[in-house]
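Summary of the model geometry
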Amino acid sequence: MHTPTTSSIQQVPLENKGNIQLYIKREDLIHPFISGNKFRKLKYNILEAKRLKKQTLLTFGGAYSNHIAATAYACKENGLSSIGVIRGEELTEKINDNPTLRFAQSCGMKLVFITRDDYRKKSETEFIIKLEYKFGDFYLLPEGGTNELAVKGCKEIINSEDEKFDYICTCVGTGGTISGIINASKLKQKVIGFPALKGDFLNQDIRKFAVQNNWELITDYHFGGYGKIKPELITFMNMFKATYNISLDPIYTGKMMFGLFDLIEHGFFPNDSKVLAIHTGGLQGVSGMNLKLKRKNLPLIKE
Ligand SMILES: *Cc1c(COP(=O)(O)O)cnc(C)c1O
């Protein structure tokens, strides 16, 4: 994880009245398993864990978490043991039905399932001490992997060649990624975040890390909340894939791109704007989502 990585930019040709030019930065292609922003968020954390001579890294996530999958692989690649504390005790018996958990386990991650009630305590000191008592010393990475070092890593998503864009758009979960992008952006640029979940705590969370105010969250495209999807989102993602040959994920990048197309159509951006969207990855989650969609007899995402 030491080599500096830059990802390619592609135009997304799109006819529209205002001559808005849309580009996509393929962070999803920077690593076969540690995709997109999770690579950026882990980079300095893994280095720090090694510097502190930790042998184990412990983190938290849901059953389909990109962060869990990425952390499991990154730890394996860097010779660290990993523990994933997973929300939902009922999943203990279901590891083999879940592609994300199966992958994490195949990388050597020890999976520990806890109740949703316990999961809510995951940032309380008392709860962490209990985990230390149980598993010994570890490097602690919060849910979603967001901390100062993650934000530092996410600054590297943006480089000097991106100065030509008027807008930089990204998906938002915990806000770590957008914070890094904000901190790397020029003040004349505007950073736009598309939260994948409901809730107004995000503005505050981003303010903790962001050093500039040239950003805004567009909260209209979460499709009902985290992990929630609707058939029109799937239809859009499949159209996008068929037209541009770029896969999107249903939790984050699909929602952002849906929102961007909608905003462009409704004249949100001034004429002739150059808009860069960050493809933050997340494609490992598609097969798990498709298993869920199949059970519900809903249309599937083309992989
Ligand atoms: C985790 C994730 C995000 C959210 O990143 P935050 O730093 O938590 O805001 C966005 N996109 C993808 C694909 C992710 O996996």
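Residues numbered from 1 in each chain as written. Predicted model: local features only at pLDDT ≥ 70, side-chain atom pairs only at ≥ 80, totals over all residues. Heavy atoms only, no water.

**Some points on the site of the ligand**
Test applied: Consider each residue's heavy atoms; a residue with any of them within 4 Å of a molecule or strand counts as near. Two N or O atoms form a polar contact when they lie within 3.5 Å of each other; inside protein one atom must be a possible hydrogen donor and the other a possible acceptor, and for residues adjacent in sequence the pair counts only when both atoms belong to side chains. Secondary structure is summarised from DSSP: a helix means a run of H or I of at least four residues, a strand means a run of E of at least two, and numbering begins at the N terminus for each.
Around the ligand, the structure places 16 residues, and the nearest of them are K38, K41, N66, T174 and T177. Between K38 and the ligand, the recorded distance is 2.7 Å, taken from a side-chain N or O atom to an oxygen atom. A distance of 2.7 Å separates an oxygen atom of the ligand from a polar atom in the side chain of N66. The set of elements that each furnish at least two residues to the shell around the ligand consists of α1 (37-51), β7 (167-172) and α7 (176-184).

**Regarding the side chain of S273**
As a reminder of what qualifies: Here, residues are in contact when the closest pair of their heavy atoms is within 4.5 Å.
Inspection of the secondary structure puts S273 in the loop between α10 (253-265) and β10 (274-278). Beyond its immediate chain neighbours, meaning those up to four positions away, S273 contacts N19, I20, Q21, D166 and Y167.

**Some thoughts on the sheet that holds strand β1 (residues 9-11)**
So the rule is basically this: The pairing criterion for strands is at least two bridges between them, as found by DSSP. Where helices are involved, their axes are fitted lines through C-alpha atoms of the stretch in contact, as for all axes, and angles between N-to-C directions lie from 0 to 180°.
Across the sheet, 6 strands lie side by side as β1-β2-β10-β7-β8-β9; this open sheet has mixed pairing. Each having just a single partner strand, β1 and β9 (215-217) make up the two edges of the open sheet. The mean inter-strand angle of the sheet, taken between neighbouring strand axes irrespective of direction, is 25°. Across 6 bridges, β7 lies against strand β8 (residues 190-195) in parallel orientation. Note on β8: the bridge partner recorded for C171 is F194.

**Some points on the packing of helix α6 (residues 148-155) against α7**
Where we set the bar: When describing relative orientation, an angle under 35 degrees is termed roughly parallel and one over 145 degrees roughly antiparallel, while 65 to 115 degrees is termed roughly perpendicular and anything else oblique. For any pair of crossing helices, the crossing counts as left-handed if the nearer helix is rotated counterclockwise from the farther one by less than a right angle, and right-handed if it is rotated clockwise. Note that Gly is not counted as nonpolar here; it falls among the polar residues with everything else outside the nonpolar set of Ala, Val, Leu, Ile, Met, Phe, Trp, Tyr, Cys and Pro and the charged set of Asp, Glu, Lys and Arg.
In the contact formed by α6 and α7, the axes pass within 7 Å of each other and the chain directions differ by 55°. It follows from the interaxial angle that α6 and α7 lie oblique. Here α6 runs over α7; the crossing is right-handed. Seen from α6, the contacting residues are V151, C154 and K155; seen from α7, they are G176, T177, S179, G180, I181, N183 and A184. Counted by class, the contact of α6 with α7 contains 4 nonpolar, 5 polar and 1 charged residues.

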